[in-house]
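The primary structure of each chain is shown beneath.
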Amino acid sequence: MGFRCGIVGLPNVGKSTLFNALTETAAAQAANYPFCTIEPNVGRVAVPDPRLQRIAEIAKSAQVIDTQIEFVDIAGLVRGASKGEGLGNQFLANIREVDAIIHVLRCFEGGDVTHVEGRVDPIADAETVEIELMLADLDSLERRVPNLVKKAQQGDKEAKIEASVLGQALDLLRASRPARLVQPRDAEEARALQRAQLLTAKPVLYVCNVDEHEAASGNAHSARVVDKARAEGAVAVVISAAIEAEIATLPAGERDAFLADLGLEETGLNRMIHAGYQLLGLITFFTAGPKESRAWTVRRGAKAPEAAGAIHSDFERGFIRAETIAYDDYLSCGGEAGARDAGKMRSEGKDYVVQDGDVLLFRFNV
C-alpha cells in the first residue's frame, strides 16, 4: 500500500535540495530496499521506528525491513498555474495523484539564490500556491456541481450525496477557503469528497527552510508559518535543507555528533517523515519471525482484514483471524512464545481495529 507525499513550492525555495537529501539519506540506509527510484523525481524512504529493531532482536530475525513512505518532487509552481502557465498543467496533475502536500517555504534571507518574486515572504508564497490550487478546484466544481444538483433533483441518490458535500466545498472556495475545511456529515460524503480529488482537500505539511544556524531555533519567518499552520489545523516543521544535504553524505557513525554540535536531537528529514506519516493518519503494525521482522503501514482505524491485505491480497480475501500481541506485551514477555504463555496473545476477528504497534500473525485460507 503506497502513501505519497508531494513536495511542492515556488522555484528556488530549496525544494529539490530537500528531495535530493531525502534520496541520499535513503540510499545510505542499510540494505533491504529502504529506497528505490520509481521515476527520476519519485523516491520511497524508510520511516524510522526504533520499535522494529527491538522486535527483531527478540525474534532473532535475519532481516529487518522498515515500512516506507513515498515522496514526489513536483515541478515548481508559478502564478497562473491554474491556467496552464509554466508547467501548471503538469503541476496540478501531479498533485492530484498524491495523498498529502509537503509545502516547502523559503524562510532564509540573502545567499546566492534569488527568490522568484524578488522578496522573502513565506506567507505570501504559501498563498500564491494555495490560490492557484483553489482556482483550479473552483473551476472544476463550478462545472460539476450544477450537473450534480440536477441529477439529485431527479432522484439520483449518489448525485445527492456528491452535490451536498461538493456544494460545501464550492461555497468554501468562493469564500477563498480550502476544501479541506469541509466537514462531511457521514462516511458516504467523506468517500465522495475523496473521490473528487480536490487539490485543496489534501492535508498540508509546511516545511520552513531556514539558514544552517537557525535550524534548531527557527526564525521570525518560520514562526509566522507555524502560526499559520496552527490556525489551519495543519502542521509545520523547521528544516535547513543545506544541513540535511550535508548530513546525507556523512557516514552513519558521524551523524549524531554532527547533529549535537548544531543543537539538534534528530535530523529534520526524520521529523518531516514522521510528520508526513502522522498527517496522513497512518499507523504501523509489525510482523516478526526468524526470517524477518517487518513494519507495515495502514490508515488509523483499519480493521484486521485490511491490515492483512497490506501484506498480500490473499491474506485479506481468505482472512480467518489475527493473532495479536500489543508491542509492550511483546517486549515484556520476551516475544511470541512468552506472550502466549502469559495469556497476552489474543485471537482477533474481522471487526478488530488494528492498534499502532500491534505485532500480528494472520491466519488465512484461500
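Attention here is on the structure that accompanies the text. Given the structure is predicted, the values throughout are model-derived calculations rather than measurements. Residue indices follow the written sequence of each chain, beginning from 1 at its first position. Per-residue local features of the predicted model are confined to residues with pLDDT of at least 70, and side-chain atom pairs are confined, for both listing and counting, to 80 or more; whole-chain, interface and lining totals are unaffected and use all residues. Only hydrogens and water are set aside; all other atoms, that is, all heavy atoms of the structure, feed into the side-chain values.

### So, the overall build of the chain
Heads up, the rule is: To qualify as a helix, a DSSP run of H or I must reach at least 4 residues; to qualify as a strand, a run of E must reach at least 2; elements of each kind are numbered from the N terminus. Only protein chains enter the accessibility calculation, which uses a 1.4 Å probe. A residue is then buried if its area is under 20% of the maximum for its type, exposed if over 50%, and partly exposed in between. Contact criterion: two residues are considered in contact whenever any of their non-hydrogen atoms come within 4.5 Å of each other.
Secondary structure assignment for the chain yields 14 helices and 13 strands. A buried classification covers 50% of the 366 residues belonging to the chain. Long-range pairs, those at least 24 residues apart, make up 70% of the contacts in the chain between residues at least 6 apart in sequence.

### Let's talk about the packing of helix 5 (residues 157-174) against helix 6 (residues 187-195)
Helix packing for two helices is described by the angle between their axes and how far apart those axes are. The condition that has to hold: Axis angles are defined between N-to-C directions and span 0 to 180 degrees, where every axis is a line fitted to C-alpha atoms and, for a helix, only to the segment in contact. Angles are sorted into four bins: roughly parallel if under 35 degrees, roughly antiparallel if over 145, roughly perpendicular if 65 to 115, and oblique for all others. Residues are grouped as follows: Ala, Val, Leu, Ile, Met, Phe, Trp, Tyr, Cys and Pro are nonpolar; Asp, Glu, Lys and Arg are charged; every other residue, Gly included, is polar.
Interaxial distance between helix 5 and helix 6 falls to 9 Å at its minimum, and their mutual angle equals 70 degrees. When the axis of helix 5 is compared with that of helix 6, the two are roughly perpendicular. Contact residues: helix 5 offers Glu158, Ile161, Glu162, Ser164, Val165, Leu166 and Gln168, while helix 6 offers Glu188, Glu189, Ala192, Leu193 and Arg195. Split by residue class, the contact of helix 5 with helix 6 holds five nonpolar, two polar and five charged.

### Brief notes about the nonpolar core
Just so we agree on the cut-off: Residues enter a nonpolar core if they are buried and are Ala, Val, Leu, Ile, Met, Phe, Trp, Tyr or Cys, with the set joined through side-chain atoms within 4.5 Å.
Within the largest apolar cluster, 53 residues are counted, with the highest numbers of intra-cluster contacts made by Phe71 and Met272. Residue contributions to this core peak at six residues, all from helix 10 (residues 268-279). Counting 20 residues, the second largest nonpolar core, distinct from the first, contains Leu141, Leu166, Ala169 and Ala192.

### So, the pattern of salt bridges
Quick reminder of the rule: Just to be clear on terms, a salt bridge is a Lys or Arg side-chain nitrogen sitting within 4 Å of an Asp or Glu carboxyl oxygen.
Going through the model one piece at a time under the given rule, you end up with 23 salt bridges. Its salt-bridge partner being Lys15, residue Asp73 comes within 3.2 Å of it at the nearest N-O pair. A residue pair is termed long-range when its members are at least 10 positions apart, and Asp73 in strand 5 (residues 68-73) and Lys15 in helix 1 (residues 15-28) qualify at 58 residues. Neither residue differs from the other here; Asp73 and Lys15 are each classed as buried. Look at the salt bridges and you will find they share partners, linking Arg4, Arg44, Glu70 and Glu97 into a network.

### Notes on unusual backbone geometry
Its identity is not glycine, yet Lys60 carries a phi of approximately 55 degrees, on the positive side. One can find Lys60 in the loop between helix 2 (50-59) and strand 4 (63-65). Residue class for Lys60 comes out exposed when judged on its relative accessible area of 68%. Of note, the phi angle at Ser176 is positive, near 60 degrees, even though the residue is not glycine. Assignment of secondary structure puts Ser176 in the loop between helix 5 and helix 6.

### Some thoughts on the packing of helix 8 (residues 241-249) against helix 9 (residues 252-261)
One can describe the packing of helix 8 onto helix 9 by two numbers: an axis separation of 9 Å at closest approach and a directional angle of 150 degrees. With respect to helix 9, the axis of helix 8 lies roughly antiparallel. In contact with Ile243, Glu246, Ile247 and Ala248 of helix 8, helix 9 contributes Arg255, Phe258 and Leu259. Here the residues of the contact of helix 8 with helix 9 are counted per class, giving five nonpolar, no polar and two charged.

### A closer look at the packing of aromatic side chains
Keep this limit in mind: When the centres of two rings from Phe, Tyr and Trp lie within 6.5 Å, Trp using its six-membered ring, the rings pair. Their planes under 30 degrees apart give stacked, over 60 give edge-to-face, and anything left gives tilted.
Taken as a whole and judged by the stated rule, the model has three aromatic pairs. An aromatic cluster is defined as three or more aromatic residues linked by ring pairs; in this entry it consists of Phe285, Phe319 and Phe362.

### A few points about the state of the cysteines
Just so we agree on the cut-off: Defined by distance alone, a disulfide is two cysteine sulfur atoms within 2.5 Å.
Summed over the entire model, instances satisfying the criterion amount to zero disulfides. The thiol of Cys208 is not disulfide-bonded; the next cysteine sulfur, from Cys107, is found 4.2 Å away.

### With respect to helix 11 (residues 304-311)
Among the residues of helix 11, Ala304, Pro305, Ala307, Ala308 and Ala310 are the ones counted as buried. On its buried side, helix 11 packs onto strand 9 (282-287), strand 10 (292-299), helix 12 (313-317), strand 11 (319-325) and strand 13 (359-364).

### Considerations on the environment of Ala190
Within the secondary structure, Ala190 is located in helix 6. According to the relative accessible area criterion, Ala190 is partly exposed, its value standing at 35%. It is 9.5 Å that separates the C-alpha atoms of Ala190 and Glu162, two residues lying 28 residues apart in sequence.

### As for the side chain of Asp137
Stated precisely, the cut-off is as follows: Asp and Glu count as negative and Lys and Arg as positive, but His and the ends of the chain are not part of the count.
Relative to the helices and strands, Asp137 resides in helix 4 (residues 122-153). Arg96 provides the closest opposite charge to the buried, salt-bridge-free Asp137, at an N-O distance of 4.2 Å. Asp137 has contacts with Arg96, Leu173, Leu198, Leu199 and Thr200, leaving out every residue within four places of it along the chain.

### Some thoughts on the environment of Leu10
With respect to the element layout, Leu10 can be found in the loop between strand 1 (4-8) and helix 1. Relative accessible area serves as the criterion here: at 3%, Leu10 is assigned to the buried category. On a C-alpha basis, the gap between Leu10 and Val104 in space is 8.1 Å, while along the polypeptide they are 94 residues apart.

### Comments concerning the pairing of strand 6 (residues 100-106)
As a reminder, the rule being used: Should DSSP find at least two bridges between two strands, the strands are taken to pair.
Counting buried residues along strand 6, seven of its seven residues qualify, which places the element largely inside the surrounding structure. Across four bridges, strand 1 lies against strand 6 in parallel orientation. In the strand pairing of strand 6, Val8 is matched with His103. Pairing between strand 6 and strand 7 (residues 204-209): six bridges, direction parallel. Each bridged residue has a counterpart across the sheet, and for Leu105 the counterpart in strand 7 is Cys208.

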